[in-house]
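Here are the chains, one letter per residue:
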Amino acid sequence: MALLQIINYPDPRLHRIAEPIARVDDEVRRLAADMAETMYAAAGIGLAATQVDSHRQLLVVDVSETRDALLTLINPRLVEASSELAGYEEGCLSVPGVFDEVERPARVTVEALDLQGEQFQLRAEGLLSVCVQHEMDHLKGIVFVEHLSRLKRNRIVSKLRKQQKVL
Ligand code: K1U
Ligand code: ZN
């Protein structure tokens, strides 16, 4: 397994739209394993392939406290979203040090393929719902700061550019 490099906002590669995966093979399983290792090493609760510069519809999440409930979703598709919204202070491994509240549907049902290429449905609420929606946004080229006001986003971009100059 290998640790992958995570792209930082505002890199334009974060805005690429991911392609569906035609066949779940060993290469896809290896990428999923490397993404999981990268997510755990970065203390994240999710990671989308877009963030590691692979523009395929693949994401991993683990919102458990024990870090032993890994979910891998291939070609995830939103089937149902509640009309009730919920706000959560989101973060992103591609936007280090930035947290802000985003409102999303409180509950979602998502259909996806697993690592054997079998279809399954995930009904999510709470942090899992927030995280799956956040990662599905990445696959559409959307970073969570794009749900914030232009003013907040501009402030975040200049803060990150200053940080990147220092490093
Ligand atoms: O970069 C990512 O997409 C992963 C991101 C997922 C996420 C966190 C919080 C709300 C929505 C989506 C992270 O894991 S950020 C890491 C983090 O600091 C965090 C960890 C646990 C709970 C909350 C934030
Ligand atoms: Zn993110």
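In short, a report on the structure.

Conventions and cut-offs
Residues numbered from 1 in each chain as written. Chains lettered and ligands numbered in written order. Predicted model: local features only at pLDDT ≥ 70, side-chain atom pairs only at ≥ 80, totals over all residues. Heavy atoms only, no water. Helix = DSSP H or I, 4+ residues; strand = E, 2+ residues; numbered from the N terminus. Polar contact = N/O pair within 3.5 Å; in protein donor to acceptor, adjacent residues only side chain to side chain. Contact = heavy atoms within 4.5 Å. Salt bridge = Lys/Arg side-chain N within 4 Å of Asp/Glu carboxyl O. Buried < 20%, exposed > 50% of the residue type's maximum accessible area, 1.4 Å probe, protein only. Expected span 1.5 Å × (residues − 1). Arc of directions from axis to C-beta. Near = heavy atom within 4 Å. Nonpolar A, V, L, I, M, F, W, Y, C, P; charged D, E, K, R; others polar. Pairing = 2+ DSSP bridges. Axes fitted to C-alpha atoms, helices over the stretch in contact; angles between N-to-C directions.

**Considering the side chain of T50**
For T50, the position within the fold is in the loop between β1 (46–48) and β2 (58–61). Within the structure, T50 has its side chain in polar contact with the backbone oxygen of H138 (distance 3.2 Å). Contacts of T50, omitting those with residues within four sequence positions, involve I7, R13, L14, R16, A18, H55, H138 and L139.

**Digging into the pattern of salt bridges**
As enumerated under the stated definition, the model contains eleven salt bridges in all. Notably, a salt bridge pairs R29 with D26, separated by 3.0 Å at the nearest N-O pair. Residue R29 and its partner D26 are located together in helix α1 (residues 26–41), separated by three residues, close to a single helical turn. What makes R29 partly exposed here is its relative accessible area of 29%. A salt bridge links K140 to D137; the nearest nitrogen and oxygen atoms lie 3.7 Å apart. Exposure remark for D137: the relative accessible area of 7% places this residue in the buried category. Because the salt bridges share partners, they merge into one network encompassing E90, R104, D137 and K140.

**Examining helix α3 (residues 150–166)**
Its 17 residues place the ends of α3 25 Å apart at the C-alpha level, agreeing with the 24 Å of an ideal helix rising 1.5 Å per residue. Turning to α3, its buried residues are R153, I156, V157 and L160. In an axial view of α3, the angular spread of the buried residues amounts to 100°, which keeps them on one side of the axis. Residues of α3 that are exposed and point over 90 degrees away from its buried face: L151, R155, K162, K165 and V166.

**Here we look at the site of ligand 1**
Neighbouring ligand 1 are 14 residues, the closest being I45, G46, Q51, L93 and E135. Here H134 contributes a side-chain N or O atom positioned 3.1 Å from an oxygen atom of ligand 1. Ranked by residues supplied to the shell around ligand 1, first place goes to helix α2 (residues 126–139) with four residues. Partitioned by chemical class, the residues of the shell around ligand 1 number six nonpolar, six polar and two charged.

**Some details on α1**
Taking 1.5 Å per residue as the helical rise, α1 with its 16 residues ought to reach 22 Å, and the 22 Å between its terminal C-alpha atoms agrees with that figure. Restricting attention to buried positions, one finds in α1 the residues V28, L31, A32, D34, M35, A36, T38 and M39. Trailing α1 by a residue or two, A43 shows a phi angle of about 60°, which is positive.

**Observations concerning the sheet that holds strand β7 (residues 119–125)**
Sheet strands pair via backbone hydrogen bonds, and the direction of the pair is either parallel or antiparallel. Read from one edge to the other, the open sheet built from five strands follows the order β1-β2-β3-β6-β7, with strand pairing classed as antiparallel. A single partner strand is all that each edge strand has here, and the edge strands are β1 and β7. If you compare each strand with its neighbour and ignore which way they point, the axes differ by 40° on average. In the sheet, β1 pairs with β2 via three bridges, with the strands oriented antiparallel. When the bridges of β2 are listed, A48 appears paired with L59. Relative to the sheet, α2 contacts β1, β2, β3 (71–81), β6 (107–113) and β7, its axis offset from that of β2 by approximately 155°.

Interpretation in functional terms is not warranted from these geometric data alone.
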